[in-house]
Amino acid sequence: MSSSATRTGNAPAGLSPRAVVTDRDIAAAYAIDASLGSTAPDAYSVVRARDRADVVEVLRHAQEQRIPVVPQGARTSLAGGSTASEGCIVLNVEALDEITELDELERFAVVQPGVVNADLKKAAAAVGLAYPPDPASSATSTIGGNIATNAGGLCCVKYGVTADYVRGLEVVLPGGEVIRTGRRTAKGVAGFDLTGLFVGSEGLLGVVTSAVVRLVSAPDPALTVLATFDSLDAATAGILALRRDRFGPSLLELLDAASISAIQQMADYGFPGDCAAALIVSSDRPGHTSEDVQRYASLLDDAGATDVAVGDDAQESDALLAGRRALHTALEVKGPHFTEDLCVPVARLADLIRAGEEISARRGVDITLSGHAGDGNVHPCFFFTQGDPDSQHQAQDAFGDLVVLALDMGGTITGEHGVGTLKKHWLARELGEPELARQRALKAVFDPLGIMNPGKVL
Ligand SMILES: Cc1cc2nc3c(=O)[nH]c(=O)nc-3n(C[C@H](O)[C@H](O)[C@H](O)COP(=O)(O)OP(=O)(O)OC[C@H]3O[C@@H](n4cnc5c(N)ncnc54)[C@H](O)[C@@H]3O)c2cc1C
């Protein structure tokens, strides 16, 4: 352990004991996030806030001294959103991790930003309610980070994204002023929707220190169908049929041929060798899961599935999901890669996947294209050879080719991971300069000196 204190010593005095990280190695862990190529800058400080007063003090001091601040939760950002920037104070709020209120009648919880997503789900389930937003990082990512990235996940096809569950926020602004946005009530239209503005703002406007989040009735334990296809067209027909169903699924995931091959290379999950695509489909509709999955199975049959397996109970359903769950590990085993996040209209999903296959063949880059089919949201992974800059450039160019096509299809550069540092050069292309100018002007209203998460998004 090094005795050298913070790298720049630019954190304010007067914080809670041990809030400033003084160990160089520990500080280094807070300088990077989960995105590819995330590296620590030369100089930065790390503050692990213990309470709101610490957040206020850091933002007061930072504004006074014009020091950049990088708000931070669990650092699972895949877009480089929570990586330290040169000369900044990393302001980590994981220790603000209390659920301060849970109102069963009004159906909301008031939570601090460091509450882990899965812990909020558990607390809601304990009183027969549910907090639906479910990023695959649910076991580690925080509600503050989920709000700042408007996180999605596997069940958005039925339940929507984080924004659909945030009623109100407490935010500390640069300079230390504390504002409250939104409401606690089920309805409310008083004034502009500043809550909506902060959701997905990637730490560019202020630091969320508390949130009122909506809870819903608990669903039934989900039942699941796994269908395999020998053509992408048939799988797409299945997706469209499920989207048209009156009681559509709570989960609708697609694995493409390249992902299935990566999963099968790790272990035998029972996918046939010539499988072009697989769909995993669930229902959690109270009292109707069994009839729903039977109906989904027959829709998938009609669409041309080669094999359809229906889980009769939670255990069988879990087994049918095992291949999908193994995807992340299978991709890690396959080799060095970066994971991207594109969203297109559902009807264009097959076009996007075919385009990915064409780019892969043309550029000689291995690409997998799986994801949340029900939302048209895929997470393409681009593989490269570690230590070979040419191979890494090829992978990045392949991603560039796919982004352009996704935008032409009416899609977006990010469905749920955010813009961060990795996608900021694509933002103008999607939004256009006039909107981007309004976005910059909005940021200046809250952060006139531009100290919040500089170098990210805009
Ligand atoms: C294995 C894995 C799976 C993933 N799966 C999904 C998925 O299914 N869906 C999905 O949407 N994302 C997914 N992600 C991405 C990531 O988990 C989400 O973006 C998540 O919401 C980030 O939460 P965090 O607590 O780690 O935030 P961080 O990474 O620490 O921060 C993310 C952004 O939020 C800002 N921020 C954090 N806390 C605050 C705060 N209190 N106030 C203001 N700004 C703040 C940061 O500045 C940064 O811009 C995945 C990541 C991994 C590693």
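Residues numbered from 1 in each chain as written. Predicted model: local features only at pLDDT ≥ 70, side-chain atom pairs only at ≥ 80, totals over all residues. Heavy atoms only, no water.

> Explain the overall build of the protein chain to me, please; I cannot follow it from the model alone.
The secondary structure content of the protein chain amounts to 15 helices and 18 strands. A globule of 458 residues ought to have a C-alpha radius of gyration of about 23 Å, and the protein chain, at 23 Å, matches this closely. With the C-alpha coordinates aligned to their principal axes, the bounding extent of the protein chain is approximately 65 × 60 × 50 Å. Counting across all 458 residues of the protein chain, residues that qualify as buried make up 53%. Restricting to contacts in the protein chain with at least 6 residues of sequence separation, those with at least 24 account for 71%. On the protein chain, roughly 19200 Å² of surface is accessible, and the fraction owed to carbon and sulfur atoms is 51%. Distance from the positive charge centre (38 side chains) to the negative charge centre (59 side chains) of the protein chain: 7 Å. (Helix = DSSP H or I, 4+ residues; strand = E, 2+ residues; numbered from the N terminus. Rg over C-alpha atoms; globule rule 2.2 N^0.38 Å. Buried < 20%, exposed > 50% of the residue type's maximum accessible area, 1.4 Å probe, protein only. Contact = heavy atoms within 4.5 Å. Areas by Shrake-Rupley, 256 points an atom, 1.4 Å probe, with all protein chains shown as cover. Lys, Arg positive; Asp, Glu negative; His and termini not counted. Charge placed at Lys NZ, Arg CZ, Asp CG, Glu CD.)

> Sorry if this is basic, but what is going on with the pairing of strand S5 (residues 108-111) here?
Residues in a regular strand point their side chains to alternate faces of the sheet. By the alternation rule, side chains of S5 split into Phe108 and Val110 and Ala109 and Val111, which are all buried. Alignment of strand S4 (residues 99-103) against S5, held across four bridges, turns out to be antiparallel. By the bridge assignment, Glu101 is partnered in S5 with Val110. Here S5 runs beside strand S9 (residues 207-214); their pairing, made up of four bridges, is antiparallel. Bridge assignment links Phe108 to a residue of S9, and that residue is Arg214. (Pairing = 2+ DSSP bridges.)

> Just checking my understanding: could you explain unusual backbone geometry for this structure?
Apart from glycine, the bulk of residues carry a negative phi angle, and the bulk of peptide bonds sit in the trans form. One non-glycine residue, Arg75, lies in the positive phi region at around 60 degrees. Relative to the helices and strands, Arg75 is located in the loop between strand S2 (69-72) and strand S3 (88-92). The phi dihedral of Glu202 falls on the positive side, at around 50 degrees, and the residue is not glycine.

> Explain the domain arrangement of the protein chain to me, please; I cannot follow it from the model alone.
Where the parts come together, the accessible area they lose is often given as the size of the interface. Segmenting the protein chain into domains produces domain 1 (24-92), domain 2 (99-217) and domain 3 (223-408). Computed over C-alpha atoms only, the centres of domain 1 and domain 3 are separated by 35 Å. (Domains from an automatic or database assignment.)

> I keep staring at the confidence of the model for the protein chain and nothing clicks. Help me out?
Close inspection of predicted coordinates is inappropriate in any region flagged by low pLDDT. A residue-level look at the protein chain finds 98% of positions with pLDDT of 70 or above and a mean pLDDT of 95. The low-confidence segment residues 1-5 (pLDDT under 50) makes nine contacts with residues lying over four places distant or belonging to another chain. (pLDDT = per-residue confidence, 0-100.)

> What is the right way to look at the pairing of strand S7 (residues 166-172) in this model?
Most of S7 is tucked away: seven of the seven residues are buried. Across six bridges, the pairing between S7 and S9 is antiparallel. Bridge assignment links Val166 to a residue of S9, and that residue is Val213. Note that S7 and strand S8 (residues 178-182) share five bridges and pair antiparallel. Residue pairing in the sheet places Gly168 in a bridge with Gly182 of S8. The turn joining S7 and S8, which pair antiparallel and follow one another in sequence, is formed by five residues; a positive phi near 100 degrees is taken by Gly175.

> Any chance you could explain the sheet that holds strand S1 (residues 44-48) here in plain terms?
Pairing between the strands of a sheet is mediated by backbone hydrogen bonds and can be parallel or antiparallel. Strand order in the open sheet formed by three strands is S1-S3-S2, with parallel pairing between adjacent strands. Looking along the sheet, the strands with just one partner apiece sit at the ends: S1 and S2. Sheet twist, expressed as the average angle between the axes of neighbouring strands with direction ignored, equals 20 degrees. Of the strand pairs in this sheet, S1 and S3 are connected by five bridges, and their pairing is parallel. Looking at the pairing, Tyr44 lines up with Cys88 of S3. Across the sheet, helix H2 (residues 52-65) lies against S1, S2 and S3, angled at about 165 degrees from S3, the strand it touches most. (Axes fitted to C-alpha atoms, helices over the stretch in contact; angles between N-to-C directions.)

> What is the right way to read the site of the ligand from this model?
Of all residues adjacent to the ligand, which total 34 residues, the nearest are Pro71, Gly73, Thr76, Ser137 and Thr142. Note that an oxygen atom of the ligand is positioned 2.9 Å from one of the backbone N or O atoms of Ser77. Ser82 places a side-chain nitrogen or oxygen 2.9 Å from an oxygen atom of the ligand. Contact with the protein chains removes 93% of the 980 Å² of surface that the ligand exposes when unbound. Breaking the shell around the ligand down by element, the ones donating at least two residues are S2, helix H4 (143-149) and S9. Taken together, the residues that form the shell around the ligand break down as 11 nonpolar, 20 polar and three charged. Two domains share the shell around the ligand, each providing at least three of its residues, namely domain 1 (24-92) and domain 2 (99-217). (Near = heavy atom within 4 Å. Polar contact = N/O pair within 3.5 Å; in protein donor to acceptor, adjacent residues only side chain to side chain. Nonpolar A, V, L, I, M, F, W, Y, C, P; charged D, E, K, R; others polar.)

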